Amino acid sequence: MICWECFNYTYFETDVETLKELKTGKDGMIIQDSMFDDYNYSQGMLRDNLTDVVQYCINQNADVLDHNLENRYLNCARCGSKKVTKPYSTWTSRRHLPIEQEILKNHQEFKELRKERFNADQLPVLWKSK
Amino acid sequence: MQINCRSCGKANEFLLPLWVRTTFKFNDDGSLSILHVKPLESLEEKLTDNHVHNELVCKSCSSNDVEIIFNEYEESDKTNRELAALEGL
Ligand SMILES: [Zn+2]
Ligand SMILES: [Zn+2]
C-alpha cells in the first residue's frame, strides 16, 4: 500500500475489533486479556482482524475507496491521509498512456528483450569442463 | 458492580468486544508488525451504557443472557441524596 500524499509505503493505521475479559469478584472487577489455556485470545483476535482488513484492502483495492478515492479502512500513519491504495491502483492508472502508445514507446526495449531470449541458447561457449 | 450469567448462573468471567486503533507497518517480507494500539472506547463507559447487555458474553457458556447489577451503595447513595433533597425543602 502507498499514501499518495506523502508516499509512505510502510506505516498505516486502521481500526479493528478485539475482545477484553471482565472478571468479577470480591475485590471488584478486573479487565484483562482473555486467555484460553496458554493462548491469548484477545491478542490473537486483534492480529487476525488486522491481517484480514489489510488483505481485504489489497484484494479489493478499488472497492475500499469511497467517491473521494479515500480508503474506508486504512489511513497513512505518517501524515494521516486516507488517500491510501495499492501502488498500481486504477486511481493512478489514469495517468498512464493508452496501451497502444505505451507499446509503441517501449518497442525498442521489447525488441532487445526478444533478441536476448532468441540468442540465449546460442551464446559462444567460452570454456568447457574437462 | 456485579455481572451475572442468567444461563449458567455461576460464571464470573465475561467477554466484551472493544474497538482499537492499530498502527502497524509492512515488513520487507510482507508480514505486519504492530507499533501501537489505542482503545477507541472506554470499557467503563461501555459498561454503564445500557446497550452493553447485547455485547457481553459469558466466557464459560457463551450465553449473552447477562445481567449487570450496579452496587447497592450506589442505590443507597441515591436514596440518601433524595432524602437530603427532601430535608432541604
Ligand atoms: Zn501519508
Ligand atoms: Zn454462563
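Scroll up to find the structure this text is about.
Quick caveat, the model's predicted, so the values are computed rather than measured.

Rules used in this analysis
- Residues numbered from 1 in each chain as written.
- Chains lettered and ligands numbered in written order.
- Predicted model: local features only at pLDDT ≥ 70, side-chain atom pairs only at ≥ 80, totals over all residues.
- Heavy atoms only, no water.
- Donors = N, O, S within 2.8 Å, 3.2 Å for Na, K, Ca; no water.
- Tetrahedral: all angles 85-135°; square planar, octahedral: opposite > 155°, others 65-115°.
- Buried < 20%, exposed > 50% of the residue type's maximum accessible area, 1.4 Å probe, protein only.
- Contact = heavy atoms within 4.5 Å.
- Buried area = accessible area lost by both parts, 1.4 Å probe.
- Salt bridge = Lys/Arg side-chain N within 4 Å of Asp/Glu carboxyl O.
- Polar contact = N/O pair within 3.5 Å; in protein donor to acceptor, adjacent residues only side chain to side chain.
- Helix = DSSP H or I, 4+ residues; strand = E, 2+ residues; numbered from the N terminus.
- Nonpolar A, V, L, I, M, F, W, Y, C, P; charged D, E, K, R; others polar.
- Pairing = 2+ DSSP bridges.
- Expected span 1.5 Å × (residues − 1).
- Phe/Tyr/Trp six-rings, centres within 6.5 Å; stacked < 30°, edge-to-face > 60°.
- Lys NZ or Arg CZ within 6 Å of the ring centre and 35° of its normal.

(A) Main features of the coordination of the zinc ion (ligand 2). All names here are of chain B. Around the zinc ion (ligand 2), the protein contributes the donor atoms Cys-5 (SG), Cys-8 (SG), Cys-58 (SG) and Cys-61 (SG), at 2.3 to 2.4 Å from the metal centre. Around the zinc ion (ligand 2) sit four donor atoms; with metal-centred angles ranging over 105 to 118°, the donor geometry is tetrahedral. When its relative accessible area of 1% is taken as the criterion, Cys-58 is described as buried.

(B) Here's a closer look at the interface of chain A and chain B. Counting residues at the interface gives 30 residues for chain A and 28 residues for chain B. When residues of chain A are sorted by the area they lose upon contact with chain B, Asp15(A), Leu22(A) and Thr24(A) head the list and together hold 22% of the total. At the surface where chain A touches chain B, the tally comes to three salt bridges. With a closest N to O distance of 2.9 Å, Lys59(B) and Glu21(A) form a salt bridge. Inspection of the chain A/chain B interface yields 12 residue pairs in polar contact (both at pLDDT 80 or more). Contributing elements (two or more residues each) for the side of chain A that touches chain B: strand S2 (11-25), strand S3 (28-32), strand S4 (35-36) and helix H1 (41-59) of chain A. Split into classes, the residues belonging to the side of chain A that touches chain B amount to 17 nonpolar, six polar and seven charged. In the sheet, S2(A) pairs with strand S2 (residues 13-26) of chain B via 13 bridges, with the strands oriented antiparallel. The residue bridging Lys23(A) from the neighbouring strand is Glu13(B), located in S2(B).

(C) Focus on unusual backbone geometry. Phi is positive for Leu69(A), close to 60°, though the residue is something other than glycine. Looking at where Leu69(A) falls in the secondary structure, it is placed in the loop between H1 and strand S6 (75-76). Even without a glycine there, the phi angle at Ser62(B) is positive, about 65°. Residue placement: Ser62(B) occurs in the loop between strand S4 (57-58) and strand S5 (66-69).

(D) Focus on H1(A). A rise of 1.5 Å per residue sets the reference length of H1(A), with its 19 residues, at 27 Å; its end C-alpha atoms lie 26 Å apart and thus fit the reference within 8%. The set of residues buried in H1(A) consists of Ser42(A), Gly44(A), Met45(A), Leu46(A), Leu50(A), Val53(A), Val54(A) and Cys57(A). Turning to H1(A), the residues buried within the fold contact S2 and strand S5 (39-40) of chain A together with S2 and strand S3 (32-39) of chain B. At the N-terminal boundary of H1(A), the capping side chain belongs to Asn40(A), with an oxygen 3.2 Å from the backbone nitrogen of Ser42(A).

(E) Expanded view of the packing of aromatic side chains. For the structure shown, the criterion picks out six aromatic pairs over all chains. Residues Tyr56(A) and Tyr73(A) carry aromatic rings whose centres are separated by 5.8 Å and whose planes lie at 85° to one another, so their mutual orientation is edge-to-face. Of this pair, Tyr56(A) sits in helix H1 while Tyr73(A) sits in the loop between H1 and S6; the two residues are 17 residues apart in sequence, bridging distant segments of the chain. Given the relative accessible area of 38%, Tyr56(A) is considered partly exposed. Residue classification places Tyr73(A) among the partly exposed residues on the basis of a relative accessible area of 35%. Relative to Phe26(B), the ring of Phe24(B) has its centre 5.8 Å away and its plane inclined at 75°; by these criteria the two rings are edge-to-face. The burial state of Phe24(B) is the same as that of Phe26(B); both residues are buried. Three or more aromatic residues joined by ring pairs form one cluster here, namely Phe12(A), Phe24(B) and Phe26(B). Geometry around Phe36(A) places Lys59(B) over its ring, the cationic atom sitting 4.7 Å from the centre.

(F) Up close: the environment of Pro87(A). Here Pro87(A) is to be found in the loop between strand S7 (84-85) and helix H2 (90-93). The sequence separation of Pro87(A) and Ile2(A) amounts to 85 residues, and the corresponding C-alpha distance is 5.7 Å.

(G) Representation of the coordination of the zinc ion (ligand 1) within the structure. Residues and elements named next belong to chain A. Ligation of the zinc ion (ligand 1) by protein atoms is provided by Cys-3 (SG), Cys-6 (SG), Cys-76 (SG) and Cys-79 (SG), these donors lying 2.3 to 2.4 Å from the ion. Considering all four donor atoms around the zinc ion (ligand 1), angles at the metal cover 102 to 116° and the coordination shape is tetrahedral. Positions of the donor residues of the zinc ion (ligand 1) along the chain correspond to the pattern C-x2-C-x69-C-x2-C. Within this pair, whereas Cys-6 is found in the loop between strand S1 (2-3) and S2, its partner Cys-79 is found in the loop between S6 and S7, the two being separated by 73 residues in sequence.

In short, geometric facts, not functional conclusions.
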